[in-house]
Amino acid sequence: MSNQSTLLDLVCAHRPQMKVALGVLIACAFLLALSAVFVSPGDDTWPILVIDGVLVGGGIVFFSGTYWYCTKRAMDG
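My aim in this report is to walk through the structure given alongside it, one point at a time. (Residues numbered from 1 in each chain as written. Predicted model: local features only at pLDDT ≥ 70, side-chain atom pairs only at ≥ 80, totals over all residues. Heavy atoms only, no water.)

**Focus on the state of the cysteines**
- Per the stated rule, a full pass over the model turns up one disulfide.
- For Cys12, the disulfide goes to Cys70, at an S-S distance of 2.1 Å. One quick way to see it: the torsion about the S-S bond of Cys12 and Cys70 is about -80°, and its sign makes the bridge left-handed. One end of the pair, Cys12, is in helix α1 (residues 3-12); the other, Cys70, is in helix α3 (residues 46-76), and 58 residues separate them in sequence. As far as the burial class goes, Cys12 and Cys70 line up, both buried. (Disulfide = S-S within 2.5 Å. Helix = DSSP H or I, 4+ residues; strand = E, 2+ residues; numbered from the N terminus. Buried < 20%, exposed > 50% of the residue type's maximum accessible area, 1.4 Å probe, protein only.)

**Quick word on the packing of aromatic side chains**
- In this structure the tally under the stated criterion is one aromatic pair.
- The interplanar angle of 75° and the centroid separation of 5.2 Å between the aromatic rings of Phe62 and Phe63 together place this pair among those described as edge-to-face.
- Judged by its relative accessible area of 26%, Phe63 falls in the partly exposed class. (Phe/Tyr/Trp six-rings, centres within 6.5 Å; stacked < 30°, edge-to-face > 60°.)

**Some words on the environment of Lys19**
- Mapped onto the elements of the fold, Lys19 is located in helix α2 (residues 15-36).
- Residue classification places Lys19 among the exposed residues on the basis of a relative accessible area of 53%.
- In the structure, Lys19 is positioned 45 residues away from Ser64 in sequence and 8.7 Å away in space, judged by C-alpha atoms.

**A short note on the pattern of salt bridges**
- Taken as a whole, this structure holds one salt bridge when the rule is applied.
- Between Asp9 and Arg73 there is a salt bridge whose closest N-O contact spans 2.8 Å. With Asp9 in helix α1 and Arg73 in helix α3, this pair connects stretches of sequence that are 64 residues apart.
- Residue classification places Asp9 among the partly exposed residues on the basis of a relative accessible area of 35%. (Salt bridge = Lys/Arg side-chain N within 4 Å of Asp/Glu carboxyl O.)

**Things to note about α3**
- Across its 31 residues, α3 extends 45 Å between first and last C-alpha, which sits within 8% of the 45 Å expected from 1.5 Å per residue.
- In this fold, the buried residues of α3 make contact with α1 and α2. (Expected span 1.5 Å × (residues − 1). Contact = heavy atoms within 4.5 Å.)

**Let's talk about the environment of Pro47**
- Relative to the elements of secondary structure, Pro47 occurs in helix α3.
- A residue is classified by how much of its surface remains accessible, and Pro47, at 45% relative accessible area, is partly exposed.
- Sequence separation between Pro47 and Cys28 is 19 residues, and the spatial gap between their C-alpha atoms is 17 Å.

**Let's talk about the packing of α2 against α3**
- At a minimum axis separation of 9 Å, α2 and α3 run at an interaxial angle of 155°. On the basis of the axis angle, α2 is roughly antiparallel to α3. The element α2 and its partner α3 pack so that their crossing is left-handed.
- Residues belonging to the contact of α2 with α3 are distributed by class as follows: 16 nonpolar, six polar and three charged. (Axes fitted to C-alpha atoms, helices over the stretch in contact; angles between N-to-C directions. Parallel < 35°, antiparallel > 145°, perpendicular 65-115°, else oblique. Left-handed = near helix turned anticlockwise from the far one by under 90°. Nonpolar A, V, L, I, M, F, W, Y, C, P; charged D, E, K, R; others polar.)

Pasting the structure below:
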């Protein structure tokens, strides 16, 4: 068994927790969108808002892709 296969087995074993992580990230994205209404690009908090948006967006993309791949992998074999 290769190291990549072992790593994928370990990651895919946590598929139920990925749904929880996605739920938390979606809630964070909702709160981020709500706070974006009150922050303009010239404010001091604008860089924090942008960094938070990148982190939340990246997390949603990562966990969605990983969850999809693990589900597909479980269905195939």
